[in-house]
Amino acid sequence: MTQLSGWGRYPRVEADIVRARSEADVAAAIEGGALIPRGNGRSYGDSAIGPKVLDMRGLDRMISFEDGVLVAEAGVLLSDIVQTFLPRGWFLPVTPGTRFVTLGGAIAADVHGKNHHLDGSFCDFVDWAEVMGPDGTVTRLAPGDDAFDWLRGGMGLTGIVLRAALRLRPVESGWIVQDSVAAKDLDAAIDGFEARLDAPYAVAWIDGLATGDQLGRSILLFGRHATPDDLSADRRARPFAIPRRRKLSVPVTLPGVALNRVTVGAFNAAYYARGAARAGRQIVDWDRYFYPLDAIGDWTRIYGPKGFLQFQCVLPLETSRDGLRAALTKIAASGQASFLSVLKRMGPQNGRFSFPFEGYTLALDFPVNDRSLALMHALDEITLAHGGRLYLAKDARMPAEVLAKADPRAADFASYRREAGLSAAFASAQSERLGL
Amino acid sequence: MARAIARAFAGAGHPVQLAARDPARLEADKADLETRFGVEVSLHEFDALDTDSHAAFVGGLPDLPDIAVCVVGYMGEQSENIADARAAARVLRSNLEGPASILERLAAAMSARGSGTLVGISSVAGDRGRASNYVYGAAKAGFTAYLSGLRNRLSAENVHVVTVLPGFVRTAMTEGMDLPERLTAEPEEVGAAIVQAVKKRRNIIYVRPIWRLVMAVIRNIPEPIFKKTKL
Ligand SMILES: Cc1cc2nc3c(=O)[nH]c(=O)nc-3n(C[C@H](O)[C@H](O)[C@H](O)COP(=O)(O)OP(=O)(O)OC[C@H]3O[C@@H](n4cnc5c(N)ncnc54)[C@H](O)[C@@H]3O)c2cc1C
Ligand SMILES: NC(=O)c1ccc[n+]([C@@H]2O[C@H](COP(=O)([O-])OP(=O)(O)OC[C@H]3O[C@@H](n4cnc5c(N)ncnc54)[C@H](OP(=O)(O)O)[C@@H]3O)[C@@H](O)[C@H]2O)c1
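Given the structure is predicted, the values throughout are model-derived calculations rather than measurements.

What counts, and at which threshold
Residues numbered from 1 in each chain as written. Chains lettered and ligands numbered in written order. Predicted model: local features only at pLDDT ≥ 70, side-chain atom pairs only at ≥ 80, totals over all residues. Heavy atoms only, no water. Near = heavy atom within 4 Å. Polar contact = N/O pair within 3.5 Å; in protein donor to acceptor, adjacent residues only side chain to side chain. Areas by Shrake-Rupley, 256 points an atom, 1.4 Å probe, with all protein chains shown as cover. Nonpolar A, V, L, I, M, F, W, Y, C, P; charged D, E, K, R; others polar. Core = buried A, V, L, I, M, F, W, Y, C linked by side-chain atoms within 4.5 Å. Buried < 20%, exposed > 50% of the residue type's maximum accessible area, 1.4 Å probe, protein only. Contact = heavy atoms within 4.5 Å. Helix = DSSP H or I, 4+ residues; strand = E, 2+ residues; numbered from the N terminus.

Caption draft 1: Main features of the site of ligand 1. All names here are of chain A. By nearness alone, 35 residues border ligand 1, and Pro 37, Arg 42, Ser 43, Thr 102 and Tyr 391 come closest of all. Here an oxygen atom of ligand 1 and a backbone polar atom of Arg 42 are 2.7 Å apart. One of the backbone N or O atoms of Ser 47 is found 3.4 Å from an oxygen atom in ligand 1. The protein chains hide 96% of the 970 Å² of surface that ligand 1 would expose on its own. Class assignment for the residues of the shell around ligand 1 results in 19 nonpolar, 13 polar and 3 charged.

Okay, here's the thing in structure tokens:
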């Protein structure tokens, strides 16, 4: 028995962890009773924890690479894919804000990146996945199959991904042409996104503590893969070589009080001012562009010993302005410190239980404490009132009623699980909490 | 552990020959090394316990390797190893007799060539026998001594021998054991440490440096006290 948590270090449960190193190990583990597969533990809350956990990182072999399609085992990390294939001119088709996630975890959460508005989510680039069911049989599922639709976004609750085929994206360099724009308030931010829907990548860092006529002020970052013409001669000669980043780390777990309205507010204001001053075109490397947080080892310790929570909702286009304004007003008024938060325009919904749908998604971190929990409860209500839903990969605490109200698909998902005999085989702390 | 070691060498650009009792099981590993690192990989059938076949095995390899790493090992269950002489023999043969035999055949071929490096994975369990696993410990103690002798013999022939003492490693062998975090290495650490050790021609390595200290303490506990401990 080990104490196990998600990335936010909250909640923690006693877990019996088994590591799979072969298909036979997976079959044996499934036979032993209800379990939840776990990738690299980068989901924030309780998606990949429970009384019995199957660690999939030992199944991490790359099987083949042909015509841009990589076949690999579920435990392969996206960071390994970048490291292996970027030098050959291929990049991930979709990437979350950290590259330290597994192929299996990316499929199970159907993760989205900064290109969701144009390209969709991770599973839109998965040609097939081989999945082990409750009786140990392995089925190859492909888009169009009912079971594939439930697998994507199904949070490991419909079977264990053993292997999958992922279509990579050809790129001409490891550099990104970034265009940053300061938006003085929420309307400016949304107008900014809407004006640039053709930008391959788009994301905004939003100041969750700004109030009044600065409410929702943001730095919008648009990007596209650089072509040789964008690069200086020396970079053009070695388009995939990027400078090594120094790894920073937070040396100690800070006491929870180090983060407060004043310190974080000052940080956010400084970040905004710097962003506004540097607005314009810049060439940045893929690492800094896609994974700013990966350079800071153990950054979660900044939130103190109790851990932290992330709130991520998506709101439909029609209600986004009102809903975001209501949420940001609530957050700013609560004074609960949130470092730069993320705002993103999403494209249409794909998949039966995936999180994204067309509209705006807002993600913010909070240290675990009673006030944060109360605030998040209020944010749940705002999300519901505006027809939004929450992201299971970030969730550690939403009440089952909120999920049921926000997402009618949850009931269908639960009955699919029951009818297909999946509920008895696959269960996480999250599925128990939410009645999935 | 073998998988991680192969990756570390392939990552450094070495072509790899993988040998195991059932080479068909290694197809995915071969594909992995080829896909990730673009090196050549071949598979070979090998049983450490079938010592009669070892000379022919070495002779039959397409190329005599520059570096050979013997990862073979078997722990069994201590209670069974005590109760059943045949179980004990299997542990002794898998960790000592078999590995010694194959390394000796490779040593002969390497010294005939005039170059090479042999790596043996032994264990800190061989540094001092403990009630909880002294059958395995005795086998590894024998293997450590064997490697030391081999190194001594081959030092004049430009064949180098590295003894690896991994400490605890998170592998199938230790699955389900409650291991102390700081003393437990991931297989990748072992792979990286071995590549370094071969490059720098080190003689004996502990993967996590803290083990050198831990074992110094354990080796120096006086026997009258040690026999009463539960380690
Ligand atoms: C800094 C940071 C930034 C992030 N940014 C984004 C972002 O931009 N967009 C986004 O979408 N997400 C983002 N995330 C969330 C993260 O991408 C997802 O939680 C992802 O699922 C984590 O993958 P993992 O391998 O760590 O899986 P885990 O966290 O271990 O597990 C996540 C889920 O996948 C399931 N699972 C794991 N392996 C398998 C398998 N082999 N078969 C079936 N199910 C499996 C688990 O049961 C669990 O439900 C971010 C997380 C962090 C820490
Ligand atoms: N894990 C630890 O904490 C730890 C600590 C110190 C030392 N070690 C040593 O490290 C080495 C690797 O062990 P591991 O932890 O990776 O455990 P493992 O998964 O059990 O590996 C044992 C290896 O030995 C091979 N093997 C066993 N008997 C064989 C035989 N008769 N012929 C050919 N190959 C045989 C196995 O090959 P197959 O694939 O054919 O089964 C397997 O590759 C062993 O020597 C072990 O004693 C381990």
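Caption draft 2: The nonpolar core, seen in detail. Val 26, Ile 81 and Phe 122 of chain A are the most contacted members of the largest nonpolar core, which totals 113 residues. Phe 122 of chain A has contacts with Leu 78, Val 94, Leu 103, Ala 106, Ile 107, Asp 110, Val 111 and Leu 166 of chain A, leaving out every residue within four places of it along the chain. Listed in part, the 19 residues of the second largest apolar core include Val 58, Leu 61, Leu 106 and Met 110 of chain B.

Caption draft 3: Highlighting the environment of Ile 219 of chain A. Residue and element names in this part refer to chain A. With respect to the secondary-structure elements, Ile 219 resides in strand β14 (residues 218–225). Here Ile 219 falls in the buried class, since its relative accessible area comes to 4%. C-alpha separation for the pair Ile 219 and Val 181, spaced 38 residues apart in sequence, amounts to 5.7 Å. Residues in contact with Ile 219, not counting those within four places in the same chain, are Ser 180, Val 181, Ala 182, Val 203, Ala 204, Trp 205, Tyr 271, Tyr 272, Gly 275 and Ala 276.

Caption draft 4: Here's a closer look at the site of ligand 2. Residue and element names in this part refer to chain B. Close to ligand 2 lie 24 residues, the nearest being Arg 21, Ala 48, Tyr 136, Val 169 and Thr 171. Within the backbone of Met 1, an N or O atom sits 3.3 Å from an oxygen atom of ligand 2. Residue Val 71 places a main-chain N or O atom 3.0 Å away from an oxygen atom belonging to ligand 2. Relative to its unbound accessible surface of 880 Å², ligand 2 loses 84% to contact with the protein. Those elements that place two or more of their residues in the shell around ligand 2 are α6 (134–154) and β6 (168–169).

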